[in-house]
Amino acid sequence: MRVGAARAVAVEWVRERMRRDPSIGGAFFSGSTVGLPDEAVLPSWSDVDVLLVRDGPAAKVGKFVHRGVLLEVSALTWAELGSPEDVLGSWVFAPMFRTDAVIADPSGRLAGIRERVVAGFADPVWVRRRCAGVRRRIEDGLARWDDGASLPEQVLAWVFPTSLLAVWPAVAGLRDPTVRRRYVRAREVLGGYGFGDRYPELLASLDGGGVGPDRVREHLAGLAVTFDEAARVARTPFPFVADLSAAGRPVVLDGSAELVAAGAHREAMFWIVVTYARCHAVLAVDAPERERVLRPAFEAVLADLQVASAADRRRRAAALLGSLPRWQAVADAVAERAVAG
């Protein structure tokens, strides 16, 4: 299916939802389809992300298939989105408004945000502010440790802030940050701005130096078993539980397999370990006996990433934090070249 056709399905769903729910004040596209041309092909493992803006808090709708298109619908409030300047300074939201990603905007508030973002997106002041936000999120995330947390919680608390090091160059280079493919995007940006020699260091902050393609395929096969079991037993309303479903399965497994086939097996380990940890968070609560049976495969992933113990993860976090001044210099140089043209 073409991206344009998939977006049209999403627009239809949003309009119908807004007719039934007057608390929705607007909607816009987010995620990997933002900025893609209508004629681009939407891979079978990609979803169309939609953000609903509401007057008050609301739970995430989640992943589901509508008219043959995998949609992922989330919600936020106007306060969470913020003012036009808040959005312009946000590395999360600003990229969504630099193109025409608005689906519905009866009040015109989203149009006002988009006008401000388009006008100031490449302004060095705002580029620096967005980059500073990424660095701050890395520092804040890696500074918080809870030795009493479960293993899945500890792994997620390490891997997400660690992976933001890959988001930083993309934000500096005025590129849209991605989730599952963030390391691929970082490689492209660093190479494009003359810092390709720094990419191995960045990738090693995730995997400790390299996991071979055959081993990654083994981990992906193990993840398929764990994923299906977690999807089968999931009852507890974790924020990410909608991703652990039949609808979300192709995004994780087929999307990761595509990365491996393309030679990006080390990059694929990011979403593999994230999904493993999420699955085990669910299993530990909803099926603890099955969690114990399946845990060795999860532990093997952590061992290959050289973060098997809490001490390992703390050591890696400290090393990454110590490297941030060097990465600041890279981000500043990338931003300067990107803004210049």
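See the structure shown above.
Residues numbered from 1 in each chain as written. Predicted model: local features only at pLDDT ≥ 70, side-chain atom pairs only at ≥ 80, totals over all residues. Heavy atoms only, no water.

Asks: Teacher, can you tell me more about the sheet that holds strand E1 (residues 24–30) here?
Replies: Two pairing modes exist for strands in a sheet, parallel and antiparallel, and in both the strands are linked by backbone hydrogen bonds. Reading across from one edge, E3-E4-E2-E1-E5 is the order of the five strands in this open sheet, with mixed pairing throughout. Where the open sheet ends on each side, the last strands, each with one partner, are strand E3 (62–66) and strand E5 (102–104). On average, adjacent strands in this sheet sit at an angle of 30° to one another, irrespective of strand direction. In this sheet, strand E2 (residues 48–54) lies alongside E1 in antiparallel orientation, the contact comprising six bridges. When the bridges of E2 are listed, phenylalanine 28 appears paired with leucine 51. With respect to the sheet, helix H5 (residues 109–120) is in contact with E1, E2 and E5, its orientation differing from that of E1 by roughly 40°. (Pairing = 2+ DSSP bridges. Helix = DSSP H or I, 4+ residues; strand = E, 2+ residues; numbered from the N terminus. Axes fitted to C-alpha atoms, helices over the stretch in contact; angles between N-to-C directions. Contact = heavy atoms within 4.5 Å.)

Asks: How do you make sense of the pattern of salt bridges when you look at a structure like this?
Replies: Pairing of side chains with opposite charge becomes possible as their charged atoms draw close. Applying the stated rule across the entire model yields 28 salt bridges. Residue glutamate 188 pairs with arginine 175 through a salt bridge whose shortest N-O separation is 3.3 Å. With glutamate 188 in helix H8 (residues 182–192) and arginine 175 in the loop between helix H7 (151–172) and H8, this residue pair connects regions lying 13 residues apart in the sequence. Assessed through its relative accessible area of 33%, arginine 175 is described here as partly exposed. Salt-bridge contacts for arginine 266 lead to aspartate 207; the nearest nitrogen and oxygen are separated by 2.6 Å. Here the residue arginine 266 occupies a position in helix H12 (residues 265–286), and aspartate 207 occupies one in helix H9 (residues 199–207), the gap between them amounting to 59 residues. A relative accessible area of 21% places arginine 266 in the partly exposed class. Here aspartate 207 falls in the buried class, since its relative accessible area comes to 0%. Three or more residues are tied together by salt bridges with common partners; here these are Asp47, Lys63, Glu72, Asp243 and Arg278. (Salt bridge = Lys/Arg side-chain N within 4 Å of Asp/Glu carboxyl O. Buried < 20%, exposed > 50% of the residue type's maximum accessible area, 1.4 Å probe, protein only.)

Asks: How do you make sense of the pairing of E1 when you look at a structure like this?
Replies: Both faces of the sheet carry side chains from a regular strand, because those side chains alternate between them. Among the seven residues that make up E1, seven are buried, leaving the element largely enclosed by the rest of the structure. With two bridges connecting them, E1 and E5 associate as antiparallel partners. When the bridges of E5 are listed, alanine 27 appears paired with alanine 104.

Asks: Help me understand the packing of helix H6 (residues 124–143) against helix H14 (residues 310–340) in this model?
Replies: Between two packed helices, what matters for the description is the angle formed by their axes and the separation of those axes. Closest axis-to-axis distance for the H6/H14 pair is 11 Å, and the angle between their directions is 170°. It follows from the interaxial angle that H6 and H14 lie roughly antiparallel. Along this stretch, H6 crosses H14, giving a crossing that reads as right-handed. Across the interface between the two elements, Pro124, Val127, Arg135, Ile138, Glu139 and Leu142 from H6 touch Ala317, Leu320, Leu321, Leu324, Pro325, Gln328, Ala335 and Val339 from H14. Looking at side-chain class alone, the contact of H6 with H14 contains 11 nonpolar, one polar and two charged residues. (Parallel < 35°, antiparallel > 145°, perpendicular 65-115°, else oblique. Left-handed = near helix turned anticlockwise from the far one by under 90°. Nonpolar A, V, L, I, M, F, W, Y, C, P; charged D, E, K, R; others polar.)

Asks: Honestly, the nonpolar core in this entry has me stumped. Any pointers?
Replies: Nonpolar side chains tend toward joint burial in soluble globular proteins. Core analysis: the largest hydrophobic core is formed by 92 residues, its most contacted members being Leu81, Phe97, Trp168 and Leu202. Here this core takes 13 residues from H12, the largest share from any one element. In this view, leucine 81 contacts Phe28, Val53, Leu76, Asp86, Val87, Phe93, Phe97, Leu110 and Ile113; residues no more than four positions away in its chain are not counted. Listed in part, the 24 residues of the second largest apolar core include Val3, Ala40, Leu42 and Val50. (Core = buried A, V, L, I, M, F, W, Y, C linked by side-chain atoms within 4.5 Å.)

Asks: Can you help me understand helix H13 (residues 288–304) in this one?
Replies: An α-helix turns once per 3.6 residues; consequently, residues spaced three or four apart project the same way. When the terminal C-alpha atoms of H13 are compared, their 24 Å separation across 17 residues agrees well with the 24 Å that a helix rising 1.5 Å per residue should span. Where H13 bends most, the angle comes to about 45°, and this point is leucine 294, followed within four residues by the proline proline 296. All of the buried residues in H13 are Glu291, Leu294, Phe298, Val301 and Leu302. Buried residues belonging to H13 abut H7, helix H10 (213–233), H12 and H14. The positive-phi residue at the C-terminal boundary of H13 is glutamine 306, with phi of around 65°. (Expected span 1.5 Å × (residues − 1). Bend = angle between axes of the 7 residues up to and from the residue.)

Purely geometric numbers; function is a separate question.
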